[in-house]
Amino acid sequence: HGEASEVPVSTPNGTVYFGLHHPLVVVAGPCSVENEEMIVETAKRVKAAGAQFLRGGAYKPRTSPYAFQGHGESALEFLAAAREETGLGIITEVMDTADLETIAKVADVLQIGARNMQNFSLLKKVGAQEKPVLLKRGMSATVEDWLMAAEYVLAAGNPNVILCERGIRTFDRQYTRNTLDLAVVPVLRRLTHLPIMIDPSHGTGWATYVPDTAKAAIAIGTDSLMIEVHPNPAKALSDGPQSLTPDRFDSLMQELSVVGKAM
Ligand code: PEP
Ligand code: MN
């Protein structure tokens, strides 16, 4: 595939570039947008710590239909408020083609979740619009499946795709939620020009393992990181156990700056 490509994303704070030849990009925020206060507060904290993007789900793909499903359009308004307040770029998940236009008004990057990695009609739709796409690896997707899913977006006309490894399903879920495939970083580097992101939060499922795996991800060559941060993980409506507090995130960001890739 030759030269690594870059994905430019315009945010209120300026254009941020994802890619091998650019500084590490950090995306942080809660699993779900729970209310305006918590998302604005988290945005301020992760920005102060050095993140360039705020993440937060408005539409949540939960395993159980009885679990919190996200606040939908009102969560998008809260994300817009956080964007306005901090200038951070916004990354949020699109689950359904019907919500795409509404979400694209607020999001600077559209996230396709692991469970939708092979939702081909959704991939064609995000490929046919302008916003960059963050494509998470399906939990049982081979590298080939994943790259072909990315190809759907590229083939539809959108060149701005970032690949995010978020852990895959293996035989042992006792100590980690998923198995974070860090070896995929050099594999992708050989097979594709697209920028790479590692998500140690979903990758391990436990906050206590996030700092070490985030550092390992940088050491092995990731271009960017996605880290879940919640002001009160014990009270989170989703993914509390894997979420860092803003304080822990802040110290992690200081630790990361000595590992490798420039920040
Ligand atoms: C998320 O980012 O909160 C999420 C649902 O991720 P994944 O699709 O990787 O499970
Ligand atoms: Mn989550």
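Please read these numbers as outputs of a predicted model, since none were measured by experiment.

## A look at helix H4 (residues 120-127)
When H4 is considered as a whole, its buried residues turn out to be Leu122, Leu123, Lys125 and Val126. Buried residues of H4 fall within an arc of 160° about the axis and therefore sit on the same side. For H4, the exposed residues set more than 90 degrees away from the buried face come down to Phe120 and Ser121. Residues of H4 that are buried in the fold lie against helix H3 (100-104), strand E6 (109-112), strand E7 (133-136) and helix H5 (143-155).

## As for the nonpolar core
Ile112, Leu134, Leu135, Ile162, Leu163, Leu225 and Ile227 are the most contacted members of the largest nonpolar core, which totals 73 residues. In this view, Ile112 contacts Val94, Met117, Leu122, Leu123, Val126, Val133, Leu134, Leu135 and Lys136; residues no more than four positions away in its chain are not counted.

## Remarks on the sheet that holds strand E4 (residues 53-55)
Taken in spatial order, the eight strands line up as E3-E4-E5-E6-E7-E8-E9-E10 and close into a barrel, and their pairing is parallel. If you compare each strand with its neighbour and ignore which way they point, the axes differ by 25° on average.

## Quick word on the pairing of strand E2 (residues 14-18)
Pairing of strand E1 (residues 7-11) with E2, which is carried by five bridges, proceeds in the antiparallel orientation. Its bridge partner being in E2, Val9 is matched across the sheet by Val16. Count of turn residues in the E1/E2 antiparallel hairpin: two residues.

What counts as what
Residues numbered from 1 in each chain as written. Chains lettered and ligands numbered in written order. Predicted model: local features only at pLDDT ≥ 70, side-chain atom pairs only at ≥ 80, totals over all residues. Buried ≥ 20, exposed ≤ 12 C-beta atoms within 10 Å, placed from the backbone. Helix = DSSP H or I, 4+ residues; strand = E, 2+ residues; numbered from the N terminus. Arc of directions from axis to C-beta. Contact = placed C-beta atoms within 7 Å. Core = buried A, V, L, I, M, F, W, Y, C linked by C-beta atoms within 7 Å. Pairing = 2+ DSSP bridges. Axes fitted to C-alpha atoms, helices over the stretch in contact; angles between N-to-C directions.

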